[in-house]
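# Analysis of the macromolecular model
The primary structure of each chain is shown beneath.
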Amino acid sequence: MSGQDEILNVAVIGSGPAGYYTADALAQAERPVAIDIIDRLPTPYGLIRAGVAPDHQSIKQVARRYAETAHRPAVHFIGNVEVGRDVSVAELLELYDAVVLATGAPADRRLGIPGEDLDGVVGSGAFVGWYNAHPDYVGLDLDLDAGAVAVIGNGNVALDVARVLAKTAAEMEHSDLAAHAAEKIHRAPMQDIFIFGRRGPLEARFTPKELGELGRLERCVPLVDYHDLPPPDAAKSGGRRKLLARLWDYAENDPNDKPVRLHLRFYARPVQVRGTTRAEALELERTRVEAGQVTGTGEILTVPCDLVVTCIGYRTAPLGNLPYDRRHGHYRSADGRVADRLYAVGWAKRGPVGTIATNKPDGREAAARILAEATPAGRAGRRGLDRLIAGRGIETVSFRDWERIDAAETRAAAGLQPRRKFARIDQMLDAARGSGQTVNPSGGPARK
Ligand code: NAP
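Scoring rules and cut-offs
Residues numbered from 1 in each chain as written. Predicted model: local features only at pLDDT ≥ 70, side-chain atom pairs only at ≥ 80, totals over all residues. Heavy atoms only, no water. Near = heavy atom within 4 Å. Polar contact = N/O pair within 3.5 Å; in protein donor to acceptor, adjacent residues only side chain to side chain. Helix = DSSP H or I, 4+ residues; strand = E, 2+ residues; numbered from the N terminus. Nonpolar A, V, L, I, M, F, W, Y, C, P; charged D, E, K, R; others polar. Pairing = 2+ DSSP bridges. Axes fitted to C-alpha atoms, helices over the stretch in contact; angles between N-to-C directions.

### Some thoughts on the site of the ligand
In the neighbourhood of the ligand, 19 residues make up the surrounding shell, with N154, R198, R199, R205 and G354 lying closest. Within the contact set of the ligand, an oxygen atom lies 2.8 Å away from a side-chain nitrogen or oxygen of R198. Separating an oxygen atom of the ligand from a side-chain N or O atom of R205 is a distance of 3.0 Å. Ranked by residues supplied to the shell around the ligand, first place goes to helix α7 (residues 156-166) with three residues. Across the shell around the ligand, the residue classes break down as nine nonpolar, five polar and five charged.

### Some details on unusual backbone geometry
Phi at Y267 is positive, roughly 55 degrees, even though this residue is not glycine. Position of Y267 relative to the elements: it lies in the loop between β10 (260-265) and β11 (268-274). The phi angle at D335 is positive, at roughly 50 degrees, despite the residue not being glycine. Inspection of the secondary structure puts D335 in the loop between β17 (330-331) and β18 (337-339).

### Notes on the sheet that holds β11
Taking strand neighbours across the sheet as the criterion, the three strands line up as β11-β12-β13 in an open arrangement whose pairing is antiparallel. Among the strands making up the open sheet, the edge pair consists of β11 and β13 (293-304). Shown here is a sheet whose adjacent strand axes are inclined to one another by a mean of 20 degrees, direction ignored. Bridging between β11 and strand β12 (residues 281-290) involves six bridges; their strand directions are antiparallel. By the bridge assignment for β12, R274 is matched with A281.

As structure tokens, then:
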């Protein structure tokens, strides 16, 4: 075997946490491995850039760790290449010894209720993408001339969405909230934000720290109806006890304390969005929870609202005819092995649960499995991919190019902002080439 034949060539599709932890673990193998991380955007980091809330900058710091991985000699970032459009999984399997699907779960789950397609109803994937300057959602035509907003779901994404809507411009000054979103959010005449859970406080998936942030907002007061709260000693774990304690505190709050009220409402499941062309009200059914299961009581409440944001989880976008579990919305695999030499990690493997850190052991496990199962077969690897995509006229973005985009965004930051994000791919490519040094000075996305 020549030296080239002994290298294990691995393609990782997706540069979010799952992709980076897998690449990092592979790069530490004791045998030669070449890892190419392919992303459809010119920017790396997936959910860290486009999912983590813009005011949670300390969480985004983990990207520094991923940059160290990207600088390892065995690792290469290839941005602006969309698998499924620019190159197929079958082609990657020809070129690489193993291919890893680390594509996350970017598509919104649907509620499946009448009125869901009215204007003014939006999923958290789209809404969070919009305020995080994801190029797919920069053009989202959202009317935030809303007095009342309904947020559906009792997970941390619902808390992120409510908090980003509730914070003032001053509270967001350390954030990288997209300029186009800041302009709309901070002018919105919001007075009431509702967070609806179909089950009770003991079943809510909030974490205490994130719930606690709602208690420290400048213009917004969190409120809970104490009739919905079990006694504090009903909690079975320390985390749940903290959560209940916060909710009991919020039940004591005075609604007139601050101009915006954030109502945490439990035992209410959405049954219909009312409106003629756009959302005007949300209809919910009161529920009961028995042994963790939800039952409707038949009692209907109607809450007028102009914007409905569903935060009820995500689905992996199916790719070609790869085995896909429609019910759970992720690839079908035998503990991560989708097919011969094809693996899934992170949310693409197990669905949209767990924190960023959950991906670290996942990545290690996936890497160990690949190293145990895949063998170098003299495949062309990156040289072959470079040839294929050059032949198709696709402009790729290297990690060095991304660092130019990063520098341009950092330079464009105003005041205490960490960066001012490009929201359009052509702006990113200009910056990658070193020619687009400025972000549209009007603050909004530049027009094409
Ligand atoms: P999640 O934690 O799974 O919460 C989803 C919520 O949607 C649940 O309350 C669920 O209720 C509800 N839901 C689902 N289908 C529904 C329906 N048809 N009608 C009404 N409600 C429905 O998901 P997530 O908030 O999207 O978060 C995803 C993952 O990212 C989680 O692991 C989360 O902790 C993590 N995350 C972490 C942070 C952070 O650490 N700061 C921030 C954001 C996200 P049921 O429980 O009744 O199913």
